[in-house]
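# Structural overview
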Amino acid sequence: QVQLVESGGGLVQPGGSLRLSCLASGRTSAMAWFRRAPGKEREFVAAITKSGDMAYYADAVKGRFTISRDNAEKMLYLQMNSLKPEDTAVYYCAASILKSWLLIDGYDYDYWGQGTQVTVSS
């Protein structure tokens, strides 16, 4: 059993920054962040390998977001800079138990957090 708990969401102005955190209570391998805006399908944001040595980003966030992890603390992070209104969504932490490489398909992940709301508005 793996439990993922996101935190760090909130309201921020365009151009601002926010850091999301995800605490994993069990064993995880590859991890990722996804997001879902109102009325839209869930979309991939960023993925990271088990060791944290490689990362991959969706074009929409590349250059602005940084995914990282601290395995000793069992934490996953998403540093979001230069935020845009289009980034407004519920952000979800996801984890694979056995797969260790970069994964961008939600079906590759076994566990999901409950999500944390990020709102970018003036």
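Look up a bit, the structure's there.
Below or above, wherever it landed, is the structure these notes cover.

Conventions and cut-offs
Residues numbered from 1 in each chain as written. Predicted model: local features only at pLDDT ≥ 70, side-chain atom pairs only at ≥ 80, totals over all residues. Heavy atoms only, no water. Helix = DSSP H or I, 4+ residues; strand = E, 2+ residues; numbered from the N terminus. Rg over C-alpha atoms; globule rule 2.2 N^0.38 Å. Buried < 20%, exposed > 50% of the residue type's maximum accessible area, 1.4 Å probe, protein only. Contact = heavy atoms within 4.5 Å. Areas by Shrake-Rupley, 256 points an atom, 1.4 Å probe, with all protein chains shown as cover. Lys, Arg positive; Asp, Glu negative; His and termini not counted. Charge placed at Lys NZ, Arg CZ, Asp CG, Glu CD.

Summing up its helical and strand segments, the protein has zero helices and eleven strands in all. Counting from the amino terminus, helix and strand elements in the protein follow one another as β-β-β-β-β-β-β-β-β-β-β. For 122 residues, the compact-globule formula gives about 14 Å, and the C-alpha radius of gyration of the protein, at 13 Å, lands near that figure. For the C-alpha atoms alone, the extent of the protein along its principal axes is close to 40 × 25 × 25 Å. For the protein, the residues scored as buried account for 45% of the 122 residues in total. Long-range pairs, those at least 24 residues apart, make up 59% of the contacts in the protein with a sequence separation of at least 6. Of the accessible surface of the protein, which amounts to about 6,500 Å², a share of 49% is contributed by carbon and sulfur atoms. Put simply, the protein has 13 plus and 12 minus side-chain charges, and the middle of one group is 2 Å from the middle of the other.

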